[in-house]
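# Topology and contacts: notes
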Amino acid sequence: MADTALVTLTLLFVAAAAGAAVLTRDPARQAVVLSLLGLGLALLFTVLQAPDVGLSQLGVGAAVTPLMILLTVRKVRRRRKRDG
Amino acid sequence: MTGRVRRWALAAGLAGTAALMVAAGTGLPRFGGDQHPYGARAVAASLRQQTANTISSVNFDQRALDTLGEESILFGSVLGTVVLLRQTRDEHRVRPRPERVPAALRRYGAGLLPVTLLIGLYIVAHGQLSPGGGFQGGVVIATALHLLYVGADYRALERIRPLGLFELVDGSGEAAYVLLGGAGLLAGSAYLANVLPHGTFNTMASGGTVPLLNAAVGLEVASAVVVLLAHFLDQAIEITDNRKAHR
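Residues numbered from 1 in each chain as written. Chains lettered and ligands numbered in written order. Predicted model: local features only at pLDDT ≥ 70, side-chain atom pairs only at ≥ 80, totals over all residues.

Note the following rule: UniProt positions are given in the numbering used here, feature names are shortened, and annotations may be inferred rather than shown by experiment.
An unreviewed UniProt entry lists chain B under the name Na+/H+ antiporter MnhB subunit-related protein domain-containing protein, with Streptomyces mashuensis given as the organism. Regarding chain B, the relevant UniProt record gives this comment under Subcellular location (unreviewed entry): "Cell membrane".

The name given to chain A in an unreviewed UniProt entry is MrpA C-terminal/MbhD domain-containing protein, and the organism recorded there is Streptomyces mashuensis. The Subcellular location (unreviewed entry) comment attached to chain A in UniProt states, word for word, "Cell membrane".

## Brief notes about the overall build of chain B
Filter applied, for reference: The helix count covers DSSP runs of H or I at least four residues long, the strand count covers runs of E at least two residues long, and both are numbered beginning at the N terminus. In this treatment the radius of gyration is a C-alpha quantity, and the globule benchmark scales as 2.2 Å times the residue count to the 0.38 power.
A tally of helices and strands in chain B yields eleven helices and two strands. Along chain B, helices (α) and strands (β) appear in the sequence α-α-α-α-β-α-α-α-α-α-α-β-α when read from the amino end. Rg of the C-alpha trace for chain B: 24 Å, well past the compact-globule value of 18 Å for 247 residues, more than 25% over. If one aligns the C-alpha atoms of chain B with their principal axes, the spans along those axes are about 65 × 65 × 40 Å.

## Points about the overall build of chain A
Applicable threshold: For the exposure call, what matters is how many other C-beta atoms sit within 10 Å of a residue's own: 20 or more marks it buried, 12 or fewer exposed, and in between partly exposed, using C-beta atoms placed from the backbone. Whether two residues are in contact depends on their C-beta atoms, placed from the backbone: they are in contact if these lie within 7 Å.
Scanning chain A from N- to C-terminus turns up three helices and zero strands. Its C-alpha atoms give chain A a radius of gyration of 16 Å, more than 25% over the compact-globule value 12 Å for 84 residues. Seen along its three principal axes, the alpha-carbon backbone of chain A occupies a region of about 60 × 25 × 10 Å. When burial is assessed residue by residue, chain A has 23% of its 84 residues classed as buried. Partitioning the contacts of chain A with sequence separation of at least 6, the portion at a separation of at least 24 is 49%.

## Side note on the interface of chain A and chain B
By a frequent convention, interface size equals the accessible area lost on bringing the separate parts together. So the rule is basically this: Charged means Asp, Glu, Lys or Arg here, nonpolar means Ala, Val, Leu, Ile, Met, Phe, Trp, Tyr, Cys or Pro, and polar covers whatever is left, Gly included.
At the junction of the two partners, chain A supplies 14 residues and chain B supplies 17 residues. A class-by-class count of the residues in the side of chain A that touches chain B yields eight nonpolar, two polar and four charged.

## A look at helix 2 (residues 37-48) of chain B
Residues and elements named next belong to chain B. Put simply, the rule is: The span you would expect from a helix comes to 1.5 Å times its residue count less one.
Between its first and last C-alpha, helix 2 extends 17 Å over twelve residues, near the 16 Å set by a 1.5 Å rise per residue. Counting buried positions along helix 2 yields one of twelve residues, so the element is predominantly exposed. Gln 50 sits one or two residues past helix 2 and shows a positive phi near 60°.

## Brief notes about the UniProt feature "domain: Na+/H+ antiporter MnhB subunit-related protein" (unreviewed entry) in chain B
UniProt annotation of "domain: Na+/H+ antiporter MnhB subunit-related protein" (unreviewed entry) refers to residues 111-226 of chain B when read in the numbering used here. Helix and strand shares over residues 111-226 of chain B are 68% and 0% respectively, and the end C-alpha atoms of the span are 20 Å apart.

## Some details on the UniProt feature "transmembrane region" (unreviewed entry) in chain A
Residue and element names in this part refer to chain A. UniProt's entry tags residues 6-24, 31-48 and 54-73 with the feature "transmembrane region" (unreviewed entry), counted in the numbering of this structure. Helix and strand shares over residues 6-24 are 95% and 0% respectively, and the end C-alpha atoms of the span are 27 Å apart. Across residues 31-48, the secondary structure splits into 94% helix and 0% strand, with the terminal C-alpha atoms separated by 25 Å.

## Considering the packing of helix 2 (residues 27-47) of chain A against helix 3 (residues 51-83) of chain A
In helix packing, the relevant descriptors are the interaxial angle and the interaxial distance, both defined with respect to the helix axes. Residue and element names in this part refer to chain A. Rules: Note on geometry: axes are lines fitted to C-alpha atoms, helical ones only across the stretch in contact, with angles between N-to-C directions running from 0 to 180 degrees. Oblique is the label for every angle not falling under 35 degrees (roughly parallel), over 145 degrees (roughly antiparallel), or within 65 to 115 degrees (roughly perpendicular).
Contact geometry of helix 2 with helix 3 gives a least axis separation of 7 Å together with a crossing angle of 175°. Considered as vectors, helix 2 and helix 3 are oriented roughly antiparallel to each other. Residue-level contacts link Pro 27, Ala 28, Ala 31, Val 32, Leu 34, Ser 35, Gly 38, Leu 39, Leu 41, Ala 42, Phe 45 and Thr 46 of helix 2 to Pro 51, Val 53, Gly 54, Gln 57, Leu 58, Gly 61, Ala 62, Thr 65, Pro 66, Ile 69, Leu 70 and Val 73 of helix 3. Split by residue class, the contact of helix 2 with helix 3 holds 17 nonpolar, seven polar and no charged.

## Comments concerning the nonpolar core
Looking at soluble globular proteins, one finds that nonpolar side chains tend to be buried together. Residue and element names in this part refer to chain B. Stated precisely, the cut-off is as follows: For this analysis, nonpolar core means a set of buried Ala, Val, Leu, Ile, Met, Phe, Trp, Tyr and Cys residues linked through C-beta atoms within 7 Å.
Counting 51 residues, the largest nonpolar core has Leu 213, Val 225 and Val 226 as its most contacted members. The element contributing the most residues to this core is helix 10 (residues 210-238), with 19 residues. Excluding residues within four positions of it along the chain, Val 226 makes contact with Ala 142, Leu 145, Arg 161 and Phe 166.

## Describing the UniProt feature "transmembrane region" (unreviewed entry) in chain B
Cross-referencing UniProt, the feature "transmembrane region" (unreviewed entry) maps to residues 72-88, 108-129, 135-154, 175-193 and 213-233 of chain B in the present numbering. Spanning residues 72-88 of chain B, this segment combines 76% helix with 0% strand, and its end C-alpha atoms are found 26 Å apart.

## Points about unusual backbone geometry
Glycine aside, residues mostly have negative phi angles, and peptide bonds mostly take the trans form. One non-glycine residue, Gln 49 of chain A, lies in positive phi territory at about 65°. Mapped onto the elements of the fold, Gln 49 of chain A is located in the loop between helix 2 and helix 3. In this structure Gln 49 of chain A comes out as exposed when scored by C-beta crowding, with 10 C-beta atoms within 10 Å. Residues other than glycine seldom take positive phi values, yet Gln 50 of chain B does so here, at roughly 60°. Residue position: Gln 50 of chain B is located in the loop between helix 2 and helix 3 (54-62). C-beta crowding within 10 Å serves as the criterion here: with 21 such atoms nearby, Gln 50 of chain B is assigned to the buried category.

## A closer look at helix 3 of chain A
Formally: To get the bend at any residue, fit one axis to the seven residues that end at it and another to the seven that begin at it, then take the angle between the two axes.
For helix 3 of chain A, which comprises 33 residues, the first-to-last C-alpha distance of 47 Å matches the rise-based estimate of 48 Å (1.5 Å per residue) to within 8%. Its maximal kink placed at Val 64 of chain A, helix 3 of chain A deviates by approximately 30°, while the proline Pro 66 of chain A follows within four residues. Every buried residue belonging to helix 3 of chain A is among Asp 52, Gly 54, Leu 55, Ser 56, Gln 57, Leu 58, Gly 59, Ala 62 and Pro 66 of chain A, and all of these are buried. Buried-residue contacts for helix 3 of chain A involve helix 2 of chain A together with helix 3, helix 5 (103-125) and helix 6 (134-145) of chain B.

## Examining the UniProt feature "domain: MrpA C-terminal/MbhD" (unreviewed entry) in chain A
Mapped onto this numbering, the UniProt entry annotates "domain: MrpA C-terminal/MbhD" (unreviewed entry) at residues 12-78 of chain A. In this annotation, residues 12-78 of chain A is assigned 91% helix and 0% strand; the end-to-end C-alpha distance for the span is 37 Å.

What follows is the structure in structure tokens.
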């Protein structure tokens, strides 16, 4: 029973974070929300007893992907600021 | 095709996919059950091969060829990114100025870097025993190094990150996997077959080729992520284009 509650709770968190990621328009903020979504998915995989996938998700989804987005945003903004 | 026809084609496609998904879903085992035909067979096979972590047994033994494909996808996509993000003729490099970092952030980075690095190495080394392995540990190792960028600045990260070496290790990790697969052929078995002695269950030296293939993936993933982020960081921090100067 506690299992089901935990799975339901993390699923709700993932749905909320994914919804927030779609609704966020500013890419820099979106990277932070995506990081939260990555963390939520890692938690979900862990409570579903898939810690291997959870670890991958934690590294890639919560750290590397948001960092790549933030770096891309920085590059684009720097160019725009100089040109504009 | 007019917009109307296109919308109908899309609706038909979506409806078909939805119907197939629902039909497939009804054939699935019940959620959370403890009986699963594939799971039971995979666990039995991994116990036979003396590999404590069934996931690693599936990744590096029972389905080792799939992992070769995955590793090559990462290798190929990092290679493509390196080519796309290279410094072109109309761009030049500006050395970043040393950054002033808040003391708290500096302490956080300095404290967390060695711990994260150690956790990453542990996850790679124990891939055949506990959750984790080359891919997960490799990503952790790569992110650990980038705590130096957070806690100090880009110049500090560049000093401990000889890019040429990481590119070499990236290629070597990929090559090691391909060659280890060949060892199976030389031993008179199939490509990527687990031909080494299987060792004692639940010890570091168990699982035959599993820890070796796992280490190859660890090397490849750690360096691939470092190389990938290096080119993103270069573009975001150092490389600027000369368009303004020419006009």
